[in-house]
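Single-letter residue listing:
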Amino acid sequence: MNNMGKQVPIPLYYLIKSHLMEIIESGHLKPGDRVPSERELTAQFSVSRMTARQALAELENQGLLMRVQGKGTFVATPKIEQPLAGLTSFTEDMRRRGLNPGARVLSAVEAAAGRRVAQALGVTEATPVFRLERLRLAGGEPMAVETSHIPVNIAPGLKDQAFADQSLYKLLQEHYGIQLVRATQSLEAVPANSAEADVLNVHEGTPLLLLERVSRDTQDRPIEFVRSLYRGDRYRFTTELVRREESQ
Ligand code: GLP
């Protein structure tokens with residue numbers, strides 16, 4: 001359909017959303033400041049409660065606002081900017097920002113790789129693999145759920161290690177002499193299911209960023225296959241692009 005020349009109405013919730021975005025981005029409202037409630041917006045813009053709610057919900061999903069039960073809606077702290085280029089660990093990423101890294105171990109087991117993991121690590125499906133599922137925390141706040149898979153024969157005994165306060169990459173390097181040097185990674189958006197929403201402390205359906213990474217060592221052996229689910233409302237991934245001769 002051709003809309004040229006026709007006036008396309010702008011949805012009301014969108015106008016409210018843009019208004020709120022403007023006062024946040026211009027610095028009139030700062031992180032931690034309270035934003036007008038659903039009721040206040042309803043009165044101010046003469047819209048229905050549903051419309052006001054939609055505007056607030058979208059901004060919350062985008063990570064600009066934060067709702068605190070019984071207290072109101074506030075401007076959220078800015079997202080964590082994470083460059084995609086470096087092969088860094090969660091611990092290193094958090095420390096670089098002056099945040100205290102932490103983890104809660106959700107499960108740590110040895111089991112047969114299975115199809116998907118076997119394919120990623122270049123092993124057979126029956127190969128024993130250590131599977132570590134951790135909730136990653138920054139200053140006590142949940143940021144991501146990471147599920148790492150490492151062939152048992154590459155780093156035997158990992159399942160007996162305490163990962164609540166220990167970096168996996170550091171352990172691989174210092175205890176097993178494994179140096180990770182390169183990785184391939186993909187990134188896609190997924191909605192949080194109820195279990196993920198629960199541990200990450202977000203609403204079900206909140207956008208999460210799924211990163212899948214296969215990391216290799218100096219001999220080009222696949223060492224770790226990881227699925228990381230980062231909170232889309234707390235993270236923004238950045239990357240640097242270079243325009244090469246041949247693309248011009
Ligand atoms: C990042 C990577 C994971 C890796 C983790 C190690 O988050 N995406 O693949 O397992 O770092 O972190 P740490 O060394 O803090 O345990």
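See above for the structure.
Residues numbered from 1 in each chain as written. Predicted model: local features only at pLDDT ≥ 70, side-chain atom pairs only at ≥ 80, totals over all residues. Heavy atoms only, no water.

(A) Spatial organisation of the site of the ligand. Taken together, the neighbourhood of the ligand is formed by 16 residues, with Thr91, Glu146, Ser167, Leu168 and Glu224 sitting nearest. Side-chain polar atom of Thr91 to an oxygen atom of the ligand: 2.3 Å apart, as the coordinates give it. Between Arg136 and the ligand, the recorded distance is 3.1 Å, taken from a side-chain N or O atom to an oxygen atom. Out of a free accessible area of 400 Å², the ligand has 98% covered by protein chains. According to the grid-proximity analysis, the pocket containing the ligand is the largest cavity. Secondary-structure elements contributing two or more residues to the shell around the ligand are α4 (90-96), β5 (128-138), β6 (141-151), α6 (168-176) and β9 (222-231). Broken down by element, the residue count for the shell around the ligand peaks at four residues, all from β9. Its residues assigned to classes, the shell around the ligand comprises five nonpolar, six polar and five charged. (Near = heavy atom within 4 Å. Polar contact = N/O pair within 3.5 Å; in protein donor to acceptor, adjacent residues only side chain to side chain. Areas by Shrake-Rupley, 256 points an atom, 1.4 Å probe, with all protein chains shown as cover. 1 Å grid on protein atoms, 1.4 Å probe; cavity = no way out; pocket = protein on both sides within 12 Å on 5 of 7 lines; lining within 4 Å. Sits in = over half its atoms within 2 Å of the grid points. Helix = DSSP H or I, 4+ residues; strand = E, 2+ residues; numbered from the N terminus. Nonpolar A, V, L, I, M, F, W, Y, C, P; charged D, E, K, R; others polar.)

(B) Structural detail: the side chain of Ser228. Examined against the element boundaries, Ser228 turns out to sit in strand β9. By relative accessible area, Ser228 is classed as buried at 3%. In this view, Ser228 contacts Val145, Glu146, Leu209, Leu210 and Leu211; residues no more than four positions away in its chain are not counted. (Buried < 20%, exposed > 50% of the residue type's maximum accessible area, 1.4 Å probe, protein only. Contact = heavy atoms within 4.5 Å.)

(C) Fine view of the nonpolar core. Ala155, Leu158, Phe163, Leu172, Tyr176 and Ile178 are the most contacted members of the largest nonpolar core, which totals 16 residues. Counting residues per element, the ones that place at least two in this core are β5 and α6. Residue contributions to this core peak at five residues, all from α6. Leu20, Leu29, Leu41 and Leu65 belong to the second-largest nonpolar core, a separate cluster that totals 14 residues. (Core = buried A, V, L, I, M, F, W, Y, C linked by side-chain atoms within 4.5 Å.)

(D) Spatial organisation of the pairing of β5. Most of β5 sits inside the fold, with eight of its eleven residues counted as buried. Inspection of the sheet shows strand β4 (residues 101-112) paired to β5 by eleven bridges, in the antiparallel sense. Bridge pairing links Arg104 to Leu135 in β5. When β5 meets β6, the two strands line up antiparallel, connected through ten bridges. Bridging from a neighbouring strand, Leu135 pairs with Val145 of β6. (Pairing = 2+ DSSP bridges.)

(E) Seen up close, the packing of helix α2 (residues 38-45) against helix α3 (residues 49-61). Put simply, α2 and α3 touch, their axes get as near as 8 Å, and they point 115 degrees apart. For the pair α2 and α3, the crossing hand works out as right-handed. For the pair formed by α2 and α3, the contact residues are Glu38, Arg39, Leu41 and Thr42 on the first element and Arg49, Ala52, Arg53 and Leu56 on the second. Split into classes, the residues belonging to the contact of α2 with α3 amount to three nonpolar, one polar and four charged. (Axes fitted to C-alpha atoms, helices over the stretch in contact; angles between N-to-C directions. Left-handed = near helix turned anticlockwise from the far one by under 90°.)

(F) Local environment of the packing of aromatic side chains. One pass over the full model with this rule turns up five aromatic pairs. A centroid spacing of 5.6 Å and a plane angle of 90 degrees characterise the contact between Tyr230 and Phe237, whose relative ring orientation is edge-to-face. Among the residues examined, Phe237 registers a relative accessible area of 17% and is labelled buried. Judged by centre distance (5.7 Å) and plane angle (25 degrees), the ring pair of Tyr235 and Phe237 falls under stacked. An aromatic cluster of at least three residues, connected via ring pairs, comprises Tyr230, Tyr235 and Phe237. (Phe/Tyr/Trp six-rings, centres within 6.5 Å; stacked < 30°, edge-to-face > 60°.)

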